[in-house]
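Understanding the architecture of this molecule
Below, each chain spelled out in residue letters.
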Amino acid sequence: MARQYGGHAHAPVQTPRRRGLWRLSGLALLLVLLSLPAPRAQPASATEYQVKAAYLLKFGSYVEWPPQAFEQHDSPFVIGVLAADPVAEEVERAAVAAVVEGRPVRVRRLEQSDAGTAGTHMLFIDRSRSGQLADTLALTRGRPLLTVTESEQALAHGGMINFVIVENKVRFDIALAPAEASQLKISARLLSVARRVLKG
């Protein structure tokens, strides 16, 4: 059963791995290149998953979904999270009062069997779920669902955006083919700041 969250504050939780501080300079630079303001209330440094959660919300504004992906013009933008609890909590915190293209953001924690749940627009799969990555991505193939991962093999299995760490900074690679097969159009502005874009 999916558990839906949105608009609720949570007590601070340490990330389960890489507890050191992650410099936001890389994120700030990319947001400037995208002509976006830095995320509100971001400190000078942040944990890895605070940075990634901020990215997830920004990605939503630089991808175009087909009209049928939303039931109504004011339907919420739903981010599914298939991840360890502390990671999911970071995404929930980032989503509080957030909007994507005028839509309120809702975060839905998913279990393995829920990975193909209808009504989700973005799916983030953290590295703790790498063992079920191929099966999960297979379930989502062809659906208007942006898949965001952090595993080396993710793009080969059909993932669309994959986080990587370069010199202690969060970057990302993009695979265009699975996005296009799912009727998603990724903005050229987002492509221009990706570390790598796979077109085949």
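Summarised in this report is the structure supplied together with it. Because the structure is predicted, anything quoted here is derived from the model rather than measured.

Calculation rules
The numbering scheme is per chain: residues are counted from 1 as the chain's sequence reads. With pLDDT at 70 or above as the cut-off, local features in this predicted model cover only qualifying residues; side-chain atom pairs require 80 or more to be listed or tallied, and sums for whole chains, interfaces and linings still use all residues. Calculation of side-chain values draws on the structure's entire complement of heavy atoms; hydrogens and water are dropped beforehand. Strands are runs of DSSP state E lasting at least two residues, helices are runs of H or I lasting at least four, and both sets are numbered from the N terminus onward. The rule is simple: take the accessible area with a 1.4 Å probe, protein chains only, and divide by the maximum for that residue type; under 20% is buried, over 50% is exposed, in between is partly exposed. Here, two residues are considered to be in contact whenever any of their heavy atoms come within 4.5 Å of each other. Each accessible area value is a Shrake-Rupley result obtained with a 1.4 Å probe; residue values ignore everything except the protein chains displayed when judging cover. A strand pair is defined by DSSP finding two or more bridges across the two strands. Seen with its strands pointing away from the viewer, a crossover is right-handed if its path from the first strand over the helix to the second goes clockwise. In this text, buried Ala, Val, Leu, Ile, Met, Phe, Trp, Tyr and Cys residues form a nonpolar core when linked through side-chain atoms within 4.5 Å. Relevant arc is that of directions from the helix axis to the C-beta atoms, nothing else. Two aromatic rings from Phe, Tyr or Trp, using only the six-membered ring of Trp, form a pair when their centres are within 6.5 Å; if the ring planes differ by under 30 degrees the pair is stacked, by over 60 it is edge-to-face, and anything between is tilted. Whether a charge sits over a ring comes down to the Lys NZ or Arg CZ being within 6 Å of the ring centre and within 35 degrees of the ring normal. One speaks of a salt bridge when a side-chain nitrogen belonging to Lys or Arg is within 4 Å of a carboxyl oxygen belonging to Asp or Glu.

A few words on the overall build of the protein. A tally of helices and strands in the protein yields 6 helices and 13 strands. Counting across all 200 residues of the protein, residues that qualify as buried make up 49%. Summarising the internal contacts of the protein: among those between residues at least 6 apart in sequence, 65% fall at separations of at least 24. Summed over its atoms, the accessible surface of the protein is roughly 9600 Å², and 52% of this surface lies on carbon and sulfur atoms.

Another point: the pairing of strand E8 (residues 122–125). Alternating positions in E8 separate into two faces, Met122 and Phe124 on one and Leu123 and Ile125 on the other, with burial throughout. The sheet contact formed by strand E5 (residues 77–82) and E8 spans 4 bridges and is parallel. Bridge pairing in E8 places Ile79 opposite Met122. Note: E8 against strand E9 (residues 146–149), 3 bridges, orientation parallel. Paired with Phe124 across the strands is Val148, a residue of E9. Note on the crossover from E8 through helix H4 (residues 133–140) to E9: the handedness is right-handed.

In this section: the nonpolar core. Nonpolar side chains in soluble globular proteins tend to be buried together. The biggest cluster of nonpolar side chains holds 43 residues, and the ones touching the most others in it are Phe59, Leu146, Val148, Phe163, Phe172, Ile174 and Leu190. Residue contributions to this core peak at 7 residues, all from helix H2 (residues 48–59). With residues up to four places along the chain from it excluded, the contact list for Leu146 reads Phe59, Val63, Trp65, His121, Met122, Leu123, Met160, Ile161 and Leu184. Leu123, Leu137, Leu145 and Ala154 belong to the second largest nonpolar core, which has 8 residues in total.

Before going further, it helps to spend a moment on H4. Turning to H4, its buried residues number three or more, namely Leu133, Thr136, Leu137 and Thr140. Within H4, the buried residues cover an arc of 95 degrees as seen down the axis, which keeps them to one side. Residues Asp135 and Leu139 are exposed on H4 and point more than 90 degrees away from its buried face. Among the structural elements, E5, E8 and E9 are those in contact with the buried residues of H4. Immediately beyond the C-terminal end of H4, within one or two residues, lies Gly142, with a positive phi of roughly 85 degrees.

Time to look at the packing of aromatic side chains. Scanning the model with the defined rule gives 7 aromatic pairs in all. Seen in terms of ring centroids, Phe59 and Phe163 are 5.8 Å apart; in terms of plane orientation they differ by 25 degrees. Their pairing is stacked. Remark: Phe163 occurs in strand E10 (residues 161–166) and Phe59 occurs in helix H2; sequence separation between them is 104 residues. Ring-pair connections join several aromatic residues into one group, and the members of that group are Tyr55, Phe59, Phe124, Phe163 and Phe172. Of note, Arg103 hangs over the ring of Phe70, and the distance from its end group to the ring centre comes to 3.8 Å.

Enumeration according to the criterion identifies 10 salt bridges in this entry. Linking Glu48 and Lys52 is a salt bridge whose minimum nitrogen-to-oxygen distance equals 2.5 Å. With Glu48 and Lys52 both in helix H2 and 4 residues apart, the pair spans about one turn of that helix. For the residue pair Glu48 and Lys52, the accessibility class agrees, reading buried in each case. Between Arg109 and Glu89 there is a salt bridge, and its shortest N-O distance comes to 3.7 Å. Taken together, the residues span a long stretch of sequence, with Arg109 in strand E7 (residues 103–109) and Glu89 in helix H3 (residues 85–95) at a distance of 20 residues. Overall, the relative accessible area of 8% leaves Arg109 in the buried class. By sharing partners, the salt bridges in this structure join Glu48, Lys52, Arg127 and Glu150 into a single network.

Purely geometric numbers; function is a separate question.
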